[in-house]
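A closer look at the structure
If you want the building blocks of each chain, they are given just below.
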Amino acid sequence: MLARRRLPRLVFDFVDGAAGREIAAAKNISAFDEIELQPRVMQDVSSRNLRTTFLGSEYDCPVGIAPMGMCDLIWHGADRMLARASNRFNAPLCLSSAASCLIEDMLSWTEGRAWFQLYVGQSMDHTLDMVERAKTAGYETLVLTVDVPQVSRRVRDLRNGFEMPFRIGPRQFLDFAAHPKWSLTTLVNGAPSAKNFPTDRGNSGFDRGASRAGADWAFLNRLRDLWPGRLVIKGVTSVADAKRIQSCGADAIYVSNHGGRQLDSAPAAIKLLPAIRTALGPDYPLIFDSGIRSGEDVVKALAFGADFVMLGRPLLFAIGAEGERGLNSLFSIFTEEISLTLAQLGLTRPGEISRDVLINPPASLTEKSTQLHITKSIKRA
């Protein structure tokens, strides 16, 4: 992998690594390999359109940019690159609380396409301040991440001495010296930091290991009252949790196991998606990430019940490999692969995707849920 060669080991492993023995991360990917799609022939698929309406906005494709902290660690200006890709491909970008840029800047850079992802940690005052900043800036969608009560033990980061705030010791120095282009660029522009966690006036900055357990049910109800826009809850894999979140008035649920970066014993996220779709009904908005590596994977996630799919690691790998050119190339490849997959399935729009494209669909997609998908497809048409 080109990104592995061009980035310091500490940086590459920060992106590529996961919890424990990294079994959950591997299962996320292998689960997609097990899903088979049924090609259909002699359909008129000469004209295909990937445009998708989701949460009140129209996008060129059912794909967006997942929240990722400290993107500028991969390459200086990565957040700006992602913002330009959001504009170029008309895709939503979810800005992480731990981003390398300010909340206000990203909304401006994306011409209003950005969503804001919230962690509840370190200080409730700081958490609520970020909510207020996002509201004042004009964000319309807030994404509350709830699956990180505590950052998990990530062995690669521990082995490499990865810490936040970013520190360079002898071991890291040797690693960086072997990658002079990255190192010189970082040296000239300064070490990246989580810009929305100030270090002035006695503030200690971003503490990656701080508890984020403040994202509880009481806080969800409080946030629903505070936030006037759309509220999305990210990191949901339980049907019971999903139904309770729906009843609390959240506008959408984001099904994800954090890319396998939290609980190594967690099932592959894609295997949990159909049951959540069935439980919540055909019209409730569902977002998905975890294990997506191709346009065909996007189509599979949509067939399993997602309305929209977010990309994370692949985008950072692309930036690490070839900078902005790599990022734009990957986005174009995903778009082309989704379109080509639709053609092979005899479809022309994402809204036509249903369980019918699956060979041996999961047990969760019963006759009852089949009817839900049919109803959903009709309403999208």
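Residues numbered from 1 in each chain as written. Predicted model: local features only at pLDDT ≥ 70, side-chain atom pairs only at ≥ 80, totals over all residues. Heavy atoms only, no water.

Some details on the packing of helix 11 (residues 239-247) against helix 12 (residues 269-280)
At a minimum axis distance of 9 Å, the contact between helix 11 and helix 12 shows a crossing angle of 35°. Taken as a pair, helix 11 and helix 12 cross one another with a handedness that is right-handed. Facing helix 11, whose interface residues are V239, A242, K243 and Q246, helix 12 presents A275, I276, A279 and L280. In terms of residue class, the contact of helix 11 with helix 12 is made up of six nonpolar, one polar and one charged. (Axes fitted to C-alpha atoms, helices over the stretch in contact; angles between N-to-C directions. Helix = DSSP H or I, 4+ residues; strand = E, 2+ residues; numbered from the N terminus. Left-handed = near helix turned anticlockwise from the far one by under 90°. Contact = heavy atoms within 4.5 Å. Nonpolar A, V, L, I, M, F, W, Y, C, P; charged D, E, K, R; others polar.)

Some remarks on the side chain of H179
With respect to the helices and strands, the residue H179 is situated in the loop between helix 8 (170-177) and helix 9 (180-189). The class for H179 is buried, based on a relative accessible area of 14%. In this structure the side chain of H179 is engaged in a polar contact, spanning 3.1 Å, whose partner is the backbone oxygen of L7. (Buried < 20%, exposed > 50% of the residue type's maximum accessible area, 1.4 Å probe, protein only. Polar contact = N/O pair within 3.5 Å; in protein donor to acceptor, adjacent residues only side chain to side chain.)

Observations regarding the packing of aromatic side chains
All told, the structure shown has eight aromatic pairs when counted by the stated rule. Judged by centre distance (5.5 Å) and plane angle (25°), the ring pair of F12 and F317 falls under stacked. Here F317 lies in helix 14 (residues 313-344) and F12 lies in helix 2 (residues 9-16), a separation of 305 residues in the sequence. Grouping residues by exposure puts F12 and F317 together as buried. Each ring, one from F176 and one from W182, has its centre 4.9 Å from the other, and the planes form 45°; the classification is tilted. The pair F176 / W182 is uniform in exposure class, with both members buried. These aromatic residues form a ring-pair network of at least three members: F54, Y59 and F308. One Lys or Arg, R212, reaches over the ring of Y119 and ends 4.2 Å from the middle of that ring. (Phe/Tyr/Trp six-rings, centres within 6.5 Å; stacked < 30°, edge-to-face > 60°. Lys NZ or Arg CZ within 6 Å of the ring centre and 35° of its normal.)

Quick look at helix 4 (residues 78-88)
Within helix 4 the residues assigned to the buried category are A78, D79, M81, L82, A83, A85 and S86. One or two steps after helix 4, the chain reaches N90, where phi turns positive at roughly 45°.

Here's the deal with the pairing of strand 8 (residues 230-236)
In terms of burial, strand 8 is a largely internal element, six of the seven residues being buried. Strand direction decides the pairing type here: strand 7 (residues 141-145) and strand 8, joined by five bridges, are parallel. Its bridge partner being in strand 8, T141 is matched across the sheet by R230. As judged from the four bridges shared by strand 8 and strand 9 (residues 252-255), these two strands associate in the parallel manner. Each residue of the ladder has a partner; that of V232, found in strand 9, is A252. You can see the chain leave strand 8, run along helix 11 and come back into strand 9, and the turn it takes is right-handed. (Pairing = 2+ DSSP bridges. Right-handed = clockwise from strand over helix to strand, strands pointing away.)

Quick look at unusual backbone geometry
One non-glycine residue, N90, adopts positive backbone phi at about 45°. Relative to the helices and strands, N90 resides in the loop between helix 4 and strand 5 (93-95). If you check the backbone angles, S290 has positive phi at about 110° while not being a glycine. You can see S290 is positioned in the loop between strand 10 (286-288) and helix 13 (295-303). According to the relative accessible area criterion, S290 is buried, its value standing at 6%.

Examining the pattern of salt bridges
Overall, the coordinates contain 17 salt bridges when judged by the stated rule. Taking the shortest distance from any N to any O, the salt bridge between K271 and E34 comes out at 4.0 Å. With K271 in helix 12 and E34 in the loop between helix 3 (23-33) and strand 1 (36-37), this pair connects stretches of sequence that are 237 residues apart. Of the two residues, K271 and E34, neither departs from the other in class, the shared state being exposed. In this structure, D60 engages R51 in a salt bridge whose closest nitrogen and oxygen atoms are separated by 3.2 Å. (Salt bridge = Lys/Arg side-chain N within 4 Å of Asp/Glu carboxyl O.)

Comments concerning the nonpolar core
In a soluble, globular protein the nonpolar side chains are often hidden away together inside. In terms of nonpolar packing, the biggest core is built from 104 residues, with Y139, I270 and F288 touching the most fellow members. Take this core: its biggest share by element is 12 residues, from helix 14. When near neighbours in sequence (up to four residues on either side) are disregarded, I270 contacts A31, F32, I35, F288, A301 and F304. L55, A66, V232 and F308 belong to the second largest nonpolar core, which has 13 residues in total. (Core = buried A, V, L, I, M, F, W, Y, C linked by side-chain atoms within 4.5 Å.)

Considering the confidence of the model for the protein
Summary statistics for the protein give a mean pLDDT of 92 and a share of 93% for residues scoring 70 or more. Here residues 373-381 scores under 50 on pLDDT; set against residues more than four positions off or in separate chains, the count is 22 contacts. (pLDDT = per-residue confidence, 0-100.)

So, helix 10 (residues 217-226)
Each α-helix turn comprises 3.6 residues. Residues three or four places apart therefore point the same way. All of the buried residues along helix 10 are F219, L220, L223 and R224. Projected down its long axis, helix 10 carries its buried residues within an arc of 140°, all on one side. In helix 10, those exposed residues whose orientation departs by more than 90 degrees from the buried face are A218 and D225. Its buried side turned inward, helix 10 meets strand 6 (114-118), helix 6 (124-137), strand 7, strand 8 and helix 11. (Arc of directions from axis to C-beta.)

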